[in-house]
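Chain and residue survey
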Amino acid sequence: MELIATQFPNLEILELSYCKKITDAGMKHLALLKNLKMLDVSCCPLISDETIDTLVGLKKLEKLNMQGTSANSELIVSKLTQVKRFDFASVLLILANTN
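Here the structure is a predicted model, which is why all the values come from computation and not from measurement.

Check the secondary structure of the protein chain and you find four helices and five strands. Taken from N to C terminus, the helices and strands of the protein chain fall in the order α-β-α-β-α-β-α-β-β. Of all 99 residues assigned to the protein chain, the portion counted as buried reaches 36%. Summarising the internal contacts of the protein chain: among those between residues at least 6 apart in sequence, 49% fall at separations of at least 24. Of the accessible surface of the protein chain, which amounts to about 5,700 Å², a share of 55% is contributed by carbon and sulfur atoms.

Written out as structure tokens, the structure is:
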């Protein structure tokens, strides 16, 4: 994850689904990806609520798939206010822009 974040700092879309060895510690490197708009970490069982705090700093993140992780869906929605579309637990949630 560190290599991805340092070599591709302008990355906008990152697909990591089914990467079963990715951990919260590895996800911390994503904080460098300030232009990230879409992230898919579905079916990455080692990702937990700890990763949510890393994603809070990604202000351009609009779409997030955390289906199949151990992260709490209510916590994800409450903390990641910049995200407009969530996918988790076979549920799609699209938040309307209230501004």
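Take the pattern of salt bridges next. By the definition in use, this model includes three salt bridges. Among the salt bridges present, the one from Glu 50 reaches Lys 28, with a minimum N-O distance of 3.2 Å. With a gap of 22 residues between them, Glu 50 in helix 3 (residues 50-56) and Lys 28 in the loop between helix 2 (24-27) and strand 2 (38-40) connect regions that are remote in the sequence. Classification of Lys 28 by relative accessible area gives partly exposed; the value is 46%. The salt bridge involving Lys 79 is made with Asp 53; its shortest N-O contact spans 2.7 Å.

With that settled, the discussion passes to the side chain of Thr 51. The residue Thr 51 is located in helix 3 in this model. Given a relative accessible area of 1%, Thr 51 falls into the buried group. Setting aside its immediate chain neighbours within four residues, Thr 51 contacts Asp 24 and Met 27.

The rules behind these values
- Residues numbered from 1 in each chain as written.
- Predicted model: local features only at pLDDT ≥ 70, side-chain atom pairs only at ≥ 80, totals over all residues.
- Heavy atoms only, no water.
- Helix = DSSP H or I, 4+ residues; strand = E, 2+ residues; numbered from the N terminus.
- Buried < 20%, exposed > 50% of the residue type's maximum accessible area, 1.4 Å probe, protein only.
- Contact = heavy atoms within 4.5 Å.
- Areas by Shrake-Rupley, 256 points an atom, 1.4 Å probe, with all protein chains shown as cover.
- Salt bridge = Lys/Arg side-chain N within 4 Å of Asp/Glu carboxyl O.

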